[in-house]
Amino acid sequence: MSEWWTYTPSDFLLFSPRVYYRMFELYNRSLWPLAIVSLACGLAILWLLLNRIRGGDRLIAALLGLVWIWIAWEFFWNRYADINWASVYVAPLFALQGVALLSIGALAGRIKLAPQRRAADMLAVALFCFSLIGYPFVAPLSGRSTWAAEIFGLAPDPTALATLALLAMSRDGGRWALMIVPAVWCLATGLTLWTMQAAGFFVAPAGALTALLIAAIAPSHTSVRPAR
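Residues numbered from 1 in each chain as written. Predicted model: local features only at pLDDT ≥ 70, side-chain atom pairs only at ≥ 80, totals over all residues. Heavy atoms only, no water.

> It is not clear to me how the confidence of the model for the chain should be interpreted in this structure. Could you clarify?
Looking at the chain as a whole, the pLDDT averages 87, with 87% of positions reaching at least 70. Across the chain, the element-wise mean pLDDT spans from 90 in helix α6 (residues 138-141) up to 96 in helix α7 (residues 156-168). Taken together, the stretch residues 4-12 has pLDDT below 50 and engages in six contacts with residues farther than four places along the chain or on a different chain. Predicted confidence is poor over residues 221-228, with pLDDT under 50, and the contacts of this stretch with residues over four places away or in other chains come to 17 contacts. (pLDDT = per-residue confidence, 0-100. Helix = DSSP H or I, 4+ residues; strand = E, 2+ residues; numbered from the N terminus. Contact = heavy atoms within 4.5 Å.)

Spelled out as structure tokens, the structure:
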């Protein structure tokens with residue numbers, strides 16, 4: 001029996017990098033052209049965020065909540081579970097995050113998004129735009145197939161990062177509780193990709209850290225620009 005200290009992190013992986021990336025390819029191909037719809041949803045969130053439409057914050061929270069529940073079911077339960085048994089335990093956490101966004105943000109109206117012309121808020125908006133538009137390019141830039149791209153609304157990594165970016169702009173103190181699941185996921189996926197020696201392993205953790213720092217320096221309960 002080998003000594004325990006001879007093991008490396010890759011010895012504990014339940015799948016190979018090839019299987020992992022192939023899963024994304026099959027996932028995206030089977031759902032095409034739903035990726036266009038999910039990107040349109042992200043652009044709608046961005047438009048609502050920047051234009052301050054009355055009820056826009058509730059609608060943003062509703063869209064995010066539905067996206068999290070969708071990923072819990074379609075990605076984690078129906079796809080990722082085929083290669084990683086631990087996925088069945090992650091799926092309920094993503095579903096719970098979706099329900100929390102729906103109840104706290106959409107129904108109770110506790111998520112108050114008010115980006116102002118400050119460096120922190122502009123950085124949060126830029127982080128959201130990267131999650132939406134830039135994240136799909138991580139795959140091809142890392143030498144993987146374009147079909148393996150991770151897309152907001154379909155894949156957990158860009159969705160978690162986009163959610164953190166939005167919550168970092170929230171002016172309600174309860175935002176911290178809603179940031180736990182997406183932040184932990186960004187760390188977990190970073191560790192998984194690092195173990196697989198993926199080139200972009202740092203993207204999600206670095207983005208999550210940026211969002212947390214923005215939330216830490218942005219005050220809560222500040223006056224916000226009224227919606228039109």
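> For this particular structure, what's the right way to read the side chain of glutamate 74?
With respect to the secondary-structure elements, glutamate 74 resides in helix α3 (residues 56-77). Taking relative accessible area as the criterion, glutamate 74 reaches 11% and is therefore assigned buried. Here asparagine 78 takes part through its side chain, which lies 3.4 Å from a polar atom of the side chain of glutamate 74. At 2.9 Å, the side chain of glutamate 74 and the side chain of arginine 79 are in polar contact. (Buried < 20%, exposed > 50% of the residue type's maximum accessible area, 1.4 Å probe, protein only. Polar contact = N/O pair within 3.5 Å; in protein donor to acceptor, adjacent residues only side chain to side chain.)

> Mind showing me how you'd approach the packing of helix α1 (residues 17-31) against α3 here?
A packed helix pair is summarised by two numbers, namely the angle formed by the two axes and the spacing between the axes. As a packed pair, α1 and α3 sit with axes 12 Å apart at the nearest point and diverge in direction by 115 degrees. Here Met23, Phe24, Tyr27 and Leu31 of α1 come into contact with α3, specifically with Trp70, Glu74 and Phe75. (Axes fitted to C-alpha atoms, helices over the stretch in contact; angles between N-to-C directions.)

> What exactly am I supposed to notice about the environment of isoleucine 104 here?
Counting through the fold element by element, isoleucine 104 comes out in helix α4 (residues 87-107). Overall, the relative accessible area of 33% leaves isoleucine 104 in the partly exposed class. On a C-alpha basis, the gap between isoleucine 104 and glycine 174 in space is 9.1 Å, while along the polypeptide they are 70 residues apart. Apart from residues lying up to four places away in sequence, isoleucine 104 is in contact with Gly109, Arg110, Ile111 and Leu178.

> I'm lost on the pattern of salt bridges in this one. Help?
Side chains that differ in sign of charge can pair as their charged atoms come close. This structure, assessed with the given rule, holds three salt bridges. With its nearest N and O atoms 2.9 Å apart, the salt bridge here joins glutamate 74 to arginine 79. Linking glutamate 150 and arginine 144 is a salt bridge whose minimum nitrogen-to-oxygen distance equals 3.9 Å. For arginine 144, a relative accessible area of 16% puts it in the buried group. (Salt bridge = Lys/Arg side-chain N within 4 Å of Asp/Glu carboxyl O.)

> What is the right way to read the environment of serine 131 from this model?
Relative to the elements of secondary structure, serine 131 occurs in helix α5 (residues 119-134). The exposure class of serine 131 is buried, given its relative accessible area of 0%. Leave out the neighbours within four places in its chain, and serine 131 touches Pro136, Phe152, Pro158, Leu161 and Ala162. Only 2.9 Å separates the side chain of serine 131 from the backbone oxygen of leucine 127, close enough to count as a polar contact.

> Honestly, the packing of aromatic side chains in this entry has me stumped. Any pointers?
Working definition: an aromatic ring pair is given by the centre-to-centre distance plus the angle between the planes. Going through the model one piece at a time under the given rule, you end up with 17 aromatic pairs. Between tyrosine 27 and phenylalanine 75, the aromatic rings sit 5.3 Å apart at their centres with planes inclined by 70 degrees, giving edge-to-face as the arrangement. With tyrosine 27 in helix α1 and phenylalanine 75 in helix α3, the pair connects residues that are 48 residues apart, well separated along the chain. Taking relative accessible area as the criterion, tyrosine 27 reaches 1% and is therefore assigned buried. Residue classification places phenylalanine 75 among the buried residues on the basis of a relative accessible area of 1%. For the pair phenylalanine 76 and tryptophan 185, a centre-to-centre distance of 5.1 Å together with 90 degrees between the ring planes defines the contact as edge-to-face. Residue phenylalanine 76 is located in helix α3, and its partner tryptophan 185 is located in helix α8 (residues 175-195); the two are separated by 109 residues in the primary sequence. Of the two residues, phenylalanine 76 and tryptophan 185, both sit in the buried class. Three or more aromatic residues joined by ring pairs make a cluster, and in this case those are Tyr20, Tyr21, Phe24, Tyr27, Trp68, Phe75, Phe76, Tyr80, Phe94 and Trp185. (Phe/Tyr/Trp six-rings, centres within 6.5 Å; stacked < 30°, edge-to-face > 60°.)

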